[in-house]
Amino acid sequence: MIDEELQEWKEHTEELIAMLVEDGTNEEVHHTIEHHFSSVDFDTLEKAAITAFKNGFEIEEPEEAELETGEKVFAFDIITEQALDFDIIFDETKKMFELAKQCKVDYDGWGTYFEE
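What counts, and at which threshold
- Residues numbered from 1 in each chain as written.
- Predicted model: local features only at pLDDT ≥ 70, side-chain atom pairs only at ≥ 80, totals over all residues.
- Heavy atoms only, no water.
- Phe/Tyr/Trp six-rings, centres within 6.5 Å; stacked < 30°, edge-to-face > 60°.
- Helix = DSSP H or I, 4+ residues; strand = E, 2+ residues; numbered from the N terminus.
- Buried < 20%, exposed > 50% of the residue type's maximum accessible area, 1.4 Å probe, protein only.
- Polar contact = N/O pair within 3.5 Å; in protein donor to acceptor, adjacent residues only side chain to side chain.
- Pairing = 2+ DSSP bridges.
- Contact = heavy atoms within 4.5 Å.
- 1 Å grid on protein atoms, 1.4 Å probe; cavity = no way out; pocket = protein on both sides within 12 Å on 5 of 7 lines; lining within 4 Å.
- Points joined across faces, edges and corners; volume = space filled by probe spheres on them.
- Nonpolar A, V, L, I, M, F, W, Y, C, P; charged D, E, K, R; others polar.
- Salt bridge = Lys/Arg side-chain N within 4 Å of Asp/Glu carboxyl O.
- Expected span 1.5 Å × (residues − 1).

**Considering the packing of aromatic side chains**
- By the definition in use, this model includes five aromatic pairs.
- Relative to Tyr 107, the ring of Phe 37 has its centre 5.4 Å away and its plane inclined at 55 degrees; by these criteria the two rings are tilted. Remark: Tyr 107 occurs in strand β5 (residues 106-111) and Phe 37 occurs in strand β1 (residues 31-39); sequence separation between them is 70 residues.
- For Phe 37, a relative accessible area of 1% translates into the label buried.

**Description of the environment of Tyr 107**
- Overall, the relative accessible area of 5% leaves Tyr 107 in the buried class.
- With 19 residues separating them in the primary sequence, Tyr 107 and Ile 88 have C-alpha atoms 18 Å apart.
- In terms of polar contacts, Tyr 107 uses its side chain to reach the side chain of His 35, at 2.7 Å.

**Some thoughts on the pairing of strand β3 (residues 63-66)**
- When β3 meets strand β4 (residues 72-82), the two strands line up antiparallel, connected through four bridges. Within β4, the residue paired with Glu 63 across the bridge is Ala 75.
- The turn joining β3 and β4, which pair antiparallel and follow one another in sequence, is formed by five residues; a positive phi near 95 degrees is taken by Gly 70.

**Examining the side chain of Thr 25**
- Looking at where Thr 25 falls in the secondary structure, it is placed in the loop between α1 (4-22) and β1.
- Look at Thr 25 and you get buried, because its relative accessible area is 4%.
- Engagement of the side chain of Thr 25 in a polar contact is seen with the backbone nitrogen of Glu 115, the distance being 2.9 Å.
- Those residues in contact with Thr 25, other than ones at most four positions away along the chain, are Leu 20, His 31, Leu 84, Tyr 113, Phe 114 and Glu 115.

**What to know about the layout of surface pockets**
- One number sums up the size of the largest pocket: a volume of about 170 Å³.
- Considering the residues around the largest pocket, the lining is formed by 13 residues, among which Glu 61, Glu 63, Ala 75, Phe 76 and Asp 77 are closest to the centre.
- Among the elements that take part in the lining of the largest pocket, β4 stands out by supplying four residues, more than any other.
- In terms of residue class, the lining of the largest pocket is made up of five nonpolar, two polar and six charged.

**Remarks on the pattern of salt bridges**
- The full count for this structure, using the stated rule, is two salt bridges.
- Measuring nitrogen to oxygen at the nearest pair gives 3.5 Å for the salt bridge that ties Glu 66 to Lys 72.
- The class for Glu 66 is exposed, based on a relative accessible area of 55%.
- Between Lys 95 and Asp 91 there is a salt bridge; the shortest N-O distance is 3.4 Å. With Lys 95 and Asp 91 both in helix α3 (residues 86-103) and four residues apart, this pair spans about one turn of that helix.

**Quick notes on α3**
- If you check α3, its first and last C-alpha atoms are 25 Å apart, about what 18 residues at 1.5 Å a residue would give, namely 26 Å.
- Those residues of α3 that fall on the buried side of the exposure criterion are Ile 89, Phe 90, Glu 92, Thr 93, Met 96, Phe 97, Leu 99, Ala 100 and Cys 103.
- Tucked inside the fold, the buried residues of α3 contact α1, β1, α2 (42-54), β4 and β5.
- Two or three places before Asp 87, at the opening of α3, Asp 85 has a side-chain oxygen 3.1 Å from that residue's backbone nitrogen.

Function cannot be inferred from these measures alone, as they are strictly geometric.
As structure tokens, then:
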């Protein structure tokens, strides 16, 4: 059984891929996938980034951001290159979701860019 939050990421993945395809993205090329992670605690986020790096993921440098509420958060992305295939991307999403839970940071989903 899939937990409720992961079910939401499954639906997000289906919807985002469908929108990209509908907009005419090139389904034949790999897409750059950015998985987003955040935490209000920099040390916790940094430990998550180190864990991800040790697990072989390409990570971007953590950054500080400000939410609409004025609260400061820290964030980083894990970058992958994938075919625009639901099974591949959702499998990756599950791994990212579990990594976030394990490291006690927030998984903020994934995004990509339109490819010609």
